[in-house]
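Examining the three-dimensional arrangement
Listed below, chain by chain, are the residues.
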Amino acid sequence: MPEIRIEEGDITRLDVDAIVNAANSTLLGGGGVDGAIHRAAGPQLKAHCAGLGGCPTGEARITPGFNLPARYVIHTVGPVWRGGNDNEPDLLESCYRQSLGLAAEHDCRSVAFPAISCGVYGYPLEQAAAVAVSTVQHFLQSHEQPATVLLCCFGDAVASAYRQALEAG
Ligand code: AR6
């Protein structure tokens, strides 16, 4: 049975097949979880990303994990929150769907997501958690892989938003 789990802590430490990065459209690194992933993966990650030509909002790209425990990093670009009338929910849903699609194509049994767009990009936590949980649940119903999806939370507020969304779903 596929499962969704809430995992608290640093995503770069997780021993999973793929971790997802909340990147920006250059894919060349930044702050937040993006910075942490690039630091932990080592400079080869940025060199590899430089060859990808960026990534539009709502899409995803896959790279090796280099020095990370994870085999792959799936880089996705979440929407910047602009009040909710700028297609933000569809773009965020697309980030989760495309990332899961790449994970499935690469035979990843386990994938960990950070709370995409919930930091610098300002997406309200409860609304983002609802999109994340429903999109992951929907994907798992129709795919064999990944079998395990970890929703990785940095802090109690994120964890409780996910718990609420899982209970509601
Ligand atoms: N492990 C797990 N989650 C983390 C970690 C970590 N090591 N570090 C931060 N978070 P953010 P965004 C959480 O701002 O909103 C970057 O500069 C964090 O607490 O990293 O999508 C990119 O280059 C929050 O809940 O991503 C982009 O320019 C969540 O990860 C921009 O930020 C996402 O916060 C993307 O903004």
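Please refer to the structure higher up on the page.
What comes next is a walk through the structure.

The rules behind each value
- Residues numbered from 1 in each chain as written.
- Predicted model: local features only at pLDDT ≥ 70, side-chain atom pairs only at ≥ 80, totals over all residues.
- Heavy atoms only, no water.
- Near = heavy atom within 4 Å.
- Polar contact = N/O pair within 3.5 Å; in protein donor to acceptor, adjacent residues only side chain to side chain.
- Areas by Shrake-Rupley, 256 points an atom, 1.4 Å probe, with all protein chains shown as cover.
- Helix = DSSP H or I, 4+ residues; strand = E, 2+ residues; numbered from the N terminus.
- Expected span 1.5 Å × (residues − 1).
- Buried < 20%, exposed > 50% of the residue type's maximum accessible area, 1.4 Å probe, protein only.
- Arc of directions from axis to C-beta.
- Contact = heavy atoms within 4.5 Å.
- Pairing = 2+ DSSP bridges.
- Salt bridge = Lys/Arg side-chain N within 4 Å of Asp/Glu carboxyl O.

Moving on, we come to the site of the ligand. Close contacts around the ligand come from 21 residues, with Asn24, Gly31, Asp34, Ser117 and Gly119 the closest. In this structure, Cys118 approaches the ligand through a main-chain N or O atom, which is 3.5 Å from an oxygen atom. A distance of 2.9 Å separates an oxygen atom of the ligand from a polar backbone atom of Val120. The protein chains hide 89% of the 710 Å² of surface that the ligand would expose on its own. Every element with two or more residues in the shell around the ligand is listed here: β2 (18-23) and α1 (32-41). Looking at which element gives the most residues to the shell around the ligand, the answer is α1, with four residues.

Before going further, it helps to spend a moment on unusual backbone geometry. What is expected of a backbone is that most residues other than glycine have negative phi and most peptide bonds are trans. Backbone torsion omega between Gln145 and Pro146 reads -10°, so that peptide bond is classified as cis. Mapped onto the fold, Pro146 is located in the loop between α4 (125-142) and β6 (148-153). For Leu27, which is not glycine, the phi torsion reads 60° and is therefore positive.

Compared with an ideal rise of 1.5 Å per residue, which puts 13 residues at 18 Å, helix α5 (residues 156-168) spans 18 Å between its outermost C-alpha atoms and is within 8% of the ideal. Regarding α5, the residues found buried are Val158, Ala159, Ala161, Tyr162 and Ala165. Along the axis of α5, the buried residues cluster in a sector spanning 160°; they form a single face. What points out from α5, more than 90 degrees from its buried face, is the exposed set Asp156, Glu167 and Ala168. Against β1 (3-8), α3 (88-105), α4 and β6 lie the buried residues of α5.

Further remarks concern the environment of Glu93. Residue position: Glu93 is located in helix α3. The class of Glu93 is partly exposed, set by a relative accessible area of 30%. With near-sequence residues (within four places) excluded, Glu93 lies in contact with Val131 and Thr135.

Of all six residues in strand β4 (residues 72-77), six are buried, a share of seventy percent or more. In β4, alternate side chains face the same way, and those of Tyr72, Ile74 and Thr76 on one face and Val73, His75 and Val77 on the other are all buried. Relative to β4, β2 runs parallel, the two being bridged by six bridges. Opposite Ala22, over in β4, you have Thr76 as the bridge partner. Examined bridge by bridge, strand β3 (residues 60-64) and β4 share five bridges and lie antiparallel to one another. If you follow Ala60 over to β4, its bridge partner there is Thr76.

Here we take up the pattern of salt bridges. The tally for this structure, following the rule as stated, stands at seven salt bridges. A salt bridge links Arg163 to Glu8; the shortest N-O distance between them is 3.2 Å. Placement of Arg163 in helix α5 and of Glu8 in strand β1 is noted, with a sequence separation of 155 residues between them. Owing to a relative accessible area of 39%, Arg163 belongs among the partly exposed residues under this scheme. Note that Arg82 and Asp86 form a salt bridge whose closest N and O atoms lie 3.5 Å from each other. On the basis of relative accessible area, Arg82 is assigned to the exposed category, the value being 59%. A cluster of three or more residues bridged by salt bridges with shared partners is formed by Glu3, Arg5 and Glu7.

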